[in-house]
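What the coordinates show
Spelled out, the chains give:
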Amino acid sequence: MKHTSKDQTGEPSLALVNRRQILGAGIALAAASLLPPSKVQAQDQGATGVNPPPQSALSNQRRQLGKLEVSSIGLGVQNMSRTYQTTIPTRTEMLRIIRTAFDQGVTFYDAAEAYGPHEVERILGEGITPFRDQVVIASKFGWNIDLETGERRPGLNSRPEHIQLAVEGMLKRLRTDRIDLLYQHRVDPQVPIEDVAGVVKDLMGQGKVLHWGLSEMGPNTLRRAHALLPVSAVQNEYSMLWRGPEKQVLALCQELGIGFVPWSPLGVGFLTGAIDAKTQFAPGDIRGVESRFSPENLPHNLALMELLNLWAQRKQATASQIALAWLLAQQPWIVPIPGTTQMAHLLENIGANALRFTEAELTELNAAVLAIKVQGQRLPDQVLVFSDVEAPPKN
């Protein structure tokens, strides 16, 4: 039995060997990034059998979220204050990961007031201080978070006056004068999206917000929001394990010129190989209440890992890198934000950017993924209900 704890992508601190074999190699890669490129290449070749990131792997790899330019892979920092299993990462190591990501070309960092709550924004603000003007910060409002204490209260809160105060708190915690990309974290069924867009537009006029986005919204809400104030990005769960956005949202983003940011691009750790049929989740691990990981469904869903492992061998990569490279290959305006609290995983994830599929390979891989019907759901209905509930339009 394995009791696992996870970061934003669900990565466990104790997991299967097939991913953890790279831990030692990953630390070596971090040190190697300080060497001249020729030495890095010589040291990396044949060392791990995976695709490590070259020096500044993402420096020339940029994508557009609407009119916002970011690195092709971002960094989710959700669990840098506390993992889902409530373990506390070392703050100094989290700062080192944030700064190493920048050294490797990552310019897109994703946070939210609800992460911590509040504490993750403080960590990110401290981490990016030396290079704040060279990166893009995304944060989110929308859950009912006490503005002073950070206490997470029941329900949602997108009342305009609350949004204004929430953004003021974000600016202080992030040590900045503007939020580059501000998302509504979940749609508040009590507040018309026109009111939300209105207050964000006011914040843009004040220079406190530069771009905005929505997360897990319904398609009608997205259309209404974009009609009033152009939306730069949508952030929804999307991976080989959860392909819900393929039904409507991706096509709508393409139609409207909106970028797409997959959260949990590694399937809450499943696509890293960290979970097998014998895995038992520790108390507090949200995967323990997701039916896609239930004893009845998990053995069937492991067919995805069999597929990923075959392609990892074929491309001399890791399963995680194949999963991320697959997302990158779907559309040029998709920017995954894998999160981690371990340096080796950061470097591994960045290395996915170096993977390329031929047209024939991508067609083959897409068909194989489509053929695997994932059984079970991602989160309990009461958590997801806000995704499809929309406040009526404002008259």
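Now for a look at the structure at hand. (Residues numbered from 1 in each chain as written. Predicted model: local features only at pLDDT ≥ 70, side-chain atom pairs only at ≥ 80, totals over all residues. Heavy atoms only, no water.)

The next subject is the packing of helix α4 (residues 91-103) against helix α5 (residues 119-128). Running from amino to carboxyl end, α4 crosses α5 at an angle of 55°, the nearest separation of the two axes being 9 Å. Here α4 lies oblique to α5, going by the angle between them. Crossing hand, α4 versus α5: right-handed. In this structure, α4 uses Arg91, Met94, Leu95, Ile98 and Arg99 to contact α5, whose residues at the interface are Glu119, Arg122, Ile123, Leu124, Glu126, Gly127 and Ile128. Residues belonging to the contact of α4 with α5 are distributed by class as follows: six nonpolar, one polar and five charged. (Axes fitted to C-alpha atoms, helices over the stretch in contact; angles between N-to-C directions. Helix = DSSP H or I, 4+ residues; strand = E, 2+ residues; numbered from the N terminus. Parallel < 35°, antiparallel > 145°, perpendicular 65-115°, else oblique. Left-handed = near helix turned anticlockwise from the far one by under 90°. Contact = heavy atoms within 4.5 Å. Nonpolar A, V, L, I, M, F, W, Y, C, P; charged D, E, K, R; others polar.)

As a further point, take empty space enclosed by the protein. Where empty space is left becomes clear once a probe the size of a water molecule has been rolled over the atoms. Here the structure, examined in full by the defined rule, presents three cavities of 30 Å³ or more. The computed volume of the second largest cavity comes to approximately 40 Å³. Residue lining of the second largest cavity: Ile73, Gly74, Leu75, Val106, Pro338, Thr340, Leu346, Asn349 and Ile350, and that is the complete set. Per element, the largest residue contribution to the lining of the second largest cavity is three residues, and it comes from helix α13 (residues 343-351). When the residues that make up the lining of the second largest cavity are grouped by side-chain class, the tally is six nonpolar, three polar and no charged. (1 Å grid on protein atoms, 1.4 Å probe; cavity = no way out; pocket = protein on both sides within 12 Å on 5 of 7 lines; lining within 4 Å. Points joined across faces, edges and corners; volume = space filled by probe spheres on them.)

With that settled, consider the packing of aromatic side chains. Counted under the stated rule, the structure contains six aromatic pairs. Ring plane angle 0° and centroid distance 3.9 Å describe the contact between Phe102 and Phe131, whose orientation is recorded as stacked. Taken together, the residues Phe102 in helix α4 and Phe131 in the loop between α5 and β5 (136-141) connect sequence positions 29 residues apart. Each of the two residues, Phe102 as well as Phe131, counts as buried. Ring centres of Phe281 and Phe293 lie 6.0 Å apart, and the angle between their planes is 55°; this geometry places the pair in the tilted category. Of the two residues, Phe281 is situated in the loop between β11 (259-263) and α10 (298-301) and Phe293 in the loop between β11 and α10; the sequence distance between them amounts to 12 residues. In this structure an aromatic cluster arises from ring pairing among Tyr238, Phe260 and Trp326. Arg152 extends its terminal NZ or CZ atom over the ring of Trp143, reaching a point 4.3 Å from the ring centre. Lying over the aromatic face of Trp311, Arg314 brings its terminal NZ or CZ to 4.0 Å of the ring centre. (Phe/Tyr/Trp six-rings, centres within 6.5 Å; stacked < 30°, edge-to-face > 60°. Buried < 20%, exposed > 50% of the residue type's maximum accessible area, 1.4 Å probe, protein only. Lys NZ or Arg CZ within 6 Å of the ring centre and 35° of its normal.)

Here we come to the pairing of β11. Note on strand geometry: in a regular strand, side chains alternate between the two faces of the sheet. Of all the five residues making up β11, five are buried; the element is thus mostly covered by neighbouring parts of the structure. As paired elements, strand β10 (residues 233-237) and β11 share five bridges and run parallel to each other. Paired with Gln235 across the bridge in β11 is Val261. Each parallel crossover has a hand, and for β10 linked through helix α9 (residues 249-256) to β11 it is right-handed. (Pairing = 2+ DSSP bridges. Right-handed = clockwise from strand over helix to strand, strands pointing away.)

Our next topic: the nonpolar core. One recurring pattern in soluble globular proteins: nonpolar side chains tend to sit buried together. Counting residues in each nonpolar core, the largest one holds 93 residues, and the members touching the most others are Leu75, Tyr109 and Phe270. Examining the composition of this core, we find that eight residues originate from one element, helix α12 (residues 319-330), more than from any other. Counting residues in each nonpolar core, the second largest holds 13 residues, with Phe108, Val136, Leu181 and Ile337 among its members. (Core = buried A, V, L, I, M, F, W, Y, C linked by side-chain atoms within 4.5 Å.)

Position of Leu174 among the secondary structure elements: in helix α6 (residues 160-174). Placed 53 residues apart in sequence, Leu174 and Glu121 show a C-alpha to C-alpha distance of 5.5 Å.

Quick look at the pairing of strand β9 (residues 209-215) now. In terms of burial, β9 is a largely internal element, six of the seven residues being buried. One ladder, built from five bridges, connects strand β8 (residues 179-184) with β9; its direction is parallel. Counterpart to Gln184 in the pairing with β9 is Leu214. Handedness of the β8-helix α7 (residues 193-205)-β9 crossover: right-handed. Pairing between β9 and β10: three bridges, direction parallel. Residue Ser215 lies in a different strand from β10, and its bridge partner there is Gln235.

What follows concerns the sheet that holds β5. Here we have seven strands laid out as an open sheet, ordered β3-β4-β5-β8-β9-β10-β11, and parallel in their pairing. The outermost strands of the open sheet, each flanked by one partner alone, are β3 (75-76) and β11. In the sheet, β3 pairs with strand β4 (residues 108-110) via two bridges, with the strands oriented parallel. Across the sheet, residue Gly76 finds its bridge partner in β4, namely Asp110. Together, β5, β8 and β9 form the strand contacts of α6, whose direction differs from that of β5 by roughly 140°.

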